[in-house]
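Structural features, examined
If you want the building blocks of each chain, they are given just below.
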Amino acid sequence: MKNKVLVTGGTGFIGSHTVVELQNSGYEVVIADNLSNSKIEVLDGIEAISGVRPLFEKVDLSKENECGDFFKKHAGIKAIIHFAASKAVGESVEKPLLYYRNNLNSLMNILEAMKEFSIPNLVFSSSCTVYGQPDKLPVTEATPRKEAESPYGNTKTICEDIIRDTAKANAQLKMIALRYFNPIGAHPSAKIGELPLGVPNNLIPFLTQTVAGMRPELSVFGNDYNTADGSCIRDYINVVDLAKAHVVSIGRLLEDKQKSNYEFFNVGTGKGVSVLEIIESFERATGEKVPHKIVGRRAGDIEQIYADTSFSNRELGWKSGKTLDETLLSAWNWQLALNK
Ligand code: WQD
């Protein structure tokens, strides 16, 4: 009998790659997604890769009744990976209440359902944004969290606290938060990848759309930072490596390997890379030129952040493996597939 895992937000970028890795590891997957920022056709891509079409329900998890109805219909769920959330930094500044309502209500409904339907295990999609601009680099799990740079980032901080306090009050619940750095790339099959709706905010989709001729040129937001080449530094992690960290975390929960019933881990490569280095790596990996210009800084950007991954490497037994060049090539191959 396969262990059944619910993946909320499972037709999204990281969610869809995680569904594939769960299926490849022998889990049965059911997806709950409201399709507000993804397309149902993603199921075709997942099935084309794994050979298995996951169960799917269109659900707004921020609505208590819809969430409850979902769990009444799908019995036997052993663990939940909760991705479903609004995640556009800029939009969260304009519409903070939308972000607090959706992201906090969805999580609280999931936690209530875990108690009501006796589902003890949760992996939560958190973000390095909870660290703000760290005083010291690289960032470890002991690095203090800072005032978030946006309402979106603040919802991640608050959700971590909701999970922490719920774990304290409910010893039967076992929960892990994974703090992602910058997820990039696509499945090597080019059958699933990042599907930004509208003008991309994030660097890699904007870069690949520019090289594909869909944008005139890439704006590099500032080269006057206190870094080697003046552009911002981030820890860019391959989305398939990131997906595998979720599968390892589910295994840790199901096999009762936790040291406490709420743990959190940095999920990055441990290497800081600048925007200009991304451009160089992309050009080397693909042979394509990236038309770009240096412009002013983007409001809200931090200068640099990258992870110390020794704790997650040791405790989870997980390590990122893909090189930056092959990751950027996978992003390019996905863009080419999208444009076909
Ligand atoms: C990366 C770097 C930009 C676009 C955000 C969220 C984080 C997560 C990932 C959701 C920065 C530069 C970007 C462009 C550029 N989101 N850039 N030109 O801001 O590090 O993180 O997305 O889970 O929580 O905070 O990612 O890809 O927007 O930017 O120069 O057209 O690329 O200045 O230095 P960011 P990003």
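These numbers were taken from a predicted model, which means no experiment stands behind them.

Here we take up the packing of aromatic side chains. What the rule picks out here adds up to five aromatic pairs. Aromatic pair Phe70 and Phe71: ring centres 5.2 Å apart, planes at 90 degrees, arrangement edge-to-face. Considered together, Phe70 and Phe71 belong to a single accessibility category, that of buried residues. Pairwise contacts between aromatic rings join Phe70, Phe71 and Phe117 into one cluster. Positioned above the aromatic ring of Phe206 is the side chain of Arg215, whose terminal nitrogen or guanidinium carbon lies 5.8 Å from the ring centre.

Take the environment of Ile46 next. Looking at where Ile46 falls in the secondary structure, it is placed in helix H2 (residues 42–50). Taking relative accessible area as the criterion, Ile46 reaches 0% and is therefore assigned buried. Once the C-alpha coordinates of Ile46 and Ile192 are considered, the two residues, 146 residues apart in sequence, prove to be 7.0 Å apart.

Okay, the sheet that holds strand S11 (residues 262–267) next. Taken together, the seven strands give an open sheet; going across it, the order is S3-S2-S1-S4-S5-S6-S11, and neighbouring strands pair in parallel fashion. Only two strands of the sheet have a single neighbouring strand rather than two, namely strand S3 (55–58) and S11. Strand-to-strand twist in this sheet, taken as the mean axis angle between neighbours without regard to direction, amounts to 20 degrees. Of the strand pairs in this sheet, strand S6 (residues 174–180) and S11 are connected by six bridges, and their pairing is parallel. From the neighbouring strand, Arg179 faces S11, where its bridge partner is Asn266. Against the sheet, helix H5 (residues 96–116) engages strand S1 (4–8), strand S4 (77–82), strand S5 (121–127) and S6, with an angle of about 165 degrees to S5.

Here the focus is the side chain of Ser231. Here Ser231 shows up in the loop between strand S8 (218–221) and strand S9 (233–234). Assessed through its relative accessible area of 0%, Ser231 is described here as buried. Within the structure, Ser231 has its side chain in polar contact with the side chain of Ser274 (distance 3.5 Å). Setting aside its immediate chain neighbours within four residues, Ser231 contacts Val220, Gly222, Asn223, Tyr225, Ser274, Val275 and Leu276.

This next bit is on helix H6 (residues 151–169). Between its first and last C-alpha atoms H6 spans 27 Å; for 19 residues at 1.5 Å apiece the expected length is 27 Å, and the two agree. Where the residues of H6 are buried, they touch helix H4 (89–94), H5, S5, S6 and S11.

Moving on: the site of the ligand. Neighbouring residues of the ligand: 17 residues in total, closest Tyr152, Leu203, Ser219, Arg234 and Asp301. Asn202 is positioned such that a nitrogen or oxygen atom in its side chain is 2.9 Å from an oxygen atom of the ligand. A distance of 2.9 Å separates an oxygen atom of the ligand from a polar side-chain atom of Arg298. If the ligand stood free it would expose 690 Å²; the protein chains cover 89% of that surface. The leading source of residues in the shell around the ligand is S8, at four residues.

Take the packing of helix H1 (residues 13–24) against H2 next. In contact at an axis separation of 10 Å, H1 and H2 are set at 30 degrees when each is read in the N-to-C sense. Viewed along their axes, H1 and H2 adopt a mutual orientation that is roughly parallel. For H1 against H2, the interelement crossing comes out right-handed. Packed against H1, whose contacting residues are Ser16, Val19, Val20, Gln23 and Asn24, the element H2 presents Val42, Ile46, Ile49 and Ser50 at the interface. For the contact of H1 with H2, the class distribution of residues is five nonpolar, four polar and no charged.

Rules used in this analysis
Residues numbered from 1 in each chain as written. Predicted model: local features only at pLDDT ≥ 70, side-chain atom pairs only at ≥ 80, totals over all residues. Heavy atoms only, no water. Phe/Tyr/Trp six-rings, centres within 6.5 Å; stacked < 30°, edge-to-face > 60°. Buried < 20%, exposed > 50% of the residue type's maximum accessible area, 1.4 Å probe, protein only. Lys NZ or Arg CZ within 6 Å of the ring centre and 35° of its normal. Helix = DSSP H or I, 4+ residues; strand = E, 2+ residues; numbered from the N terminus. Pairing = 2+ DSSP bridges. Axes fitted to C-alpha atoms, helices over the stretch in contact; angles between N-to-C directions. Contact = heavy atoms within 4.5 Å. Polar contact = N/O pair within 3.5 Å; in protein donor to acceptor, adjacent residues only side chain to side chain. Expected span 1.5 Å × (residues − 1). Near = heavy atom within 4 Å. Areas by Shrake-Rupley, 256 points an atom, 1.4 Å probe, with all protein chains shown as cover. Parallel < 35°, antiparallel > 145°, perpendicular 65-115°, else oblique. Left-handed = near helix turned anticlockwise from the far one by under 90°. Nonpolar A, V, L, I, M, F, W, Y, C, P; charged D, E, K, R; others polar.

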